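# Breakdown of the fold
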Amino acid sequence: MWQYQVLKTGFFRADGGAMFGMIPQRVWQRRYRADAANRCILAMNCLLLWNDTRVILLDTGVGTKDLGVLSSYHFRDTEDIAAGVRKARFAPEQVTDVVLSHLHFDHCGGCTHKDRAGKLLVTFPQAMHWVGESQFTNYLSPHTLEKSSYRPADFMPVAESGRMTLLRDDSELYPGLRVSLHDGHTPGQIVVAFKASAGTVVFPGDVIPTKAHWSGEWISAYDTHPLESFDAKAALKQQLKKENAAVVFYHDAYTEMYDPRLLKK
Ligand SMILES: [Zn+2]
């Protein structure tokens, strides 16, 4: 049985058209608010899980080391993930595992930070970092169109430290905590499902980034392979239904956790 807590690491803005792809604006605006410039506010809701032996982080937010370079995303209220971990009464050195849904900068930027001299350091030096093998291959040599989503400074220091394990298959990582791999948004995205006292909780990452993306055809234009996104989401929703699982949405600024039994579609 796992205990858990959502760690909010900040918000940013993304164009609503990009977030909802083929869905017309008049339709998506009924499900997800936008500002006068049609931009949606997106959250970065990481999860901290723990039991008697392990302390596990799911995603690490954008981090705070290079926000100037990313100013076009209008990040606000960003909090370093290590500060969030400390508030939850754990030291960063106590974190045993970091499971990264994928390596886009808004999900893994907190894996590294800079010291006062500007030197890059690994934020959770004792933790094993888990990444999909095909995701890591993609990170090393991305397509030109996806390249701006990856930043070497976010994860290369971790990979070079040797504290990384690449996942090739769906598996039970620890008792009561399973990981599965999904393509579509980007190759080899990890989805985590774990047993908590009230039942199974799933962290779908960008397979279902907000509650508004629940319907199969609501696919972000950022997804590199939308047909695979559709299939990945359909398979995941089947699993959620079977297990009566609750969902924590990484990017939803308004609904951080939801019980899918209450969703109509
Ligand atoms: Zn994302």
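A brief report on the enclosed structure follows. All values reported here derive from a predicted model rather than from experimental measurement. (Residues numbered from 1 in each chain as written. Predicted model: local features only at pLDDT ≥ 70, side-chain atom pairs only at ≥ 80, totals over all residues. Heavy atoms only, no water.)

### Side note on the packing of aromatic side chains
Enumeration over the complete set of coordinates arrives at 15 aromatic pairs. Measuring from ring centre to ring centre gives 5.4 Å for Tyr-4 and Phe-194, while their planes differ by 70 degrees; the resulting arrangement is edge-to-face. Here Tyr-4, found in strand β1 (residues 3-15), pairs with Phe-194, found in strand β11 (residues 189-196); they are 190 residues apart in sequence, far enough to count as distant. A residue is classified by how much of its surface remains accessible, and Phe-194, at 0% relative accessible area, is buried. Between Tyr-73 and Phe-105 the ring centres are 5.2 Å apart and the planes differ by 70 degrees, which places this aromatic pair in the edge-to-face class. Taken together, the residues Tyr-73 in the loop between β3 (55-58) and α3 (81-87) and Phe-105 in helix α4 (residues 105-108) connect sequence positions 32 residues apart. By way of ring pairs, the aromatic residues Phe-20, Trp-28, Tyr-32, Trp-218 and Tyr-254 are connected into one cluster. The aromatic ring of Trp-218 is capped on one face by Arg-31, whose charged end is 3.9 Å from the ring centroid. Over the face of the ring belonging to Tyr-254 we find Arg-33, whose NZ or CZ atom lies 3.9 Å from the ring centre. (Phe/Tyr/Trp six-rings, centres within 6.5 Å; stacked < 30°, edge-to-face > 60°. Helix = DSSP H or I, 4+ residues; strand = E, 2+ residues; numbered from the N terminus. Buried < 20%, exposed > 50% of the residue type's maximum accessible area, 1.4 Å probe, protein only. Lys NZ or Arg CZ within 6 Å of the ring centre and 35° of its normal.)

### Considerations on the coordination of the zinc ion
For a metal with four tetrahedral donors the ideal donor-metal-donor angle is 109.5 degrees, while six octahedral donors give ideal angles of 90 or 180 degrees. Taken together, the protein ligands of the zinc ion are Asp-106 (OD), His-107 (NE2), Asp-206 (OD) and His-251 (NE2), with distances of 2.1 to 2.4 Å. Taken together, the 4 donor atoms surrounding the zinc ion define angles of 83 to 163 degrees at the centre, an arrangement classified as irregular. On the primary sequence, the residues serving as donors to the zinc ion are separated as D-H-x98-D-x44-H. Of the two residues, His-107 is situated in helix α4 and Asp-206 in the loop between β12 (199-203) and α7 (226-243); the sequence distance between them amounts to 99 residues. Taken as a pair, His-107 and Asp-206 share a single burial class, namely buried. (Donors = N, O, S within 2.8 Å, 3.2 Å for Na, K, Ca; no water. Tetrahedral: all angles 85-135°; square planar, octahedral: opposite > 155°, others 65-115°.)

### What to know about the environment of Val-201
Positionally, Val-201 belongs in strand β12. On a C-alpha basis, the gap between Val-201 and His-182 in space is 17 Å, while along the polypeptide they are 19 residues apart. Other than its neighbours up to four places away in sequence, Val-201 contacts Tyr-4, Val-192, Ala-193, Phe-194, Ala-196, Ala-246, Val-248 and Met-257. (Contact = heavy atoms within 4.5 Å.)

### A word on the pairing of strand β2 (residues 39-50)
Within β2, 11 of the 12 residues are buried, which leaves the element mostly enclosed by the surrounding structure. Relative to β2, β1 runs antiparallel, the two sharing 11 bridges. Of the residues in β2, the one forming a bridge with Gln-5 is Leu-48. Where β2 and β3 come together, 4 bridges link them in antiparallel fashion. (Pairing = 2+ DSSP bridges.)

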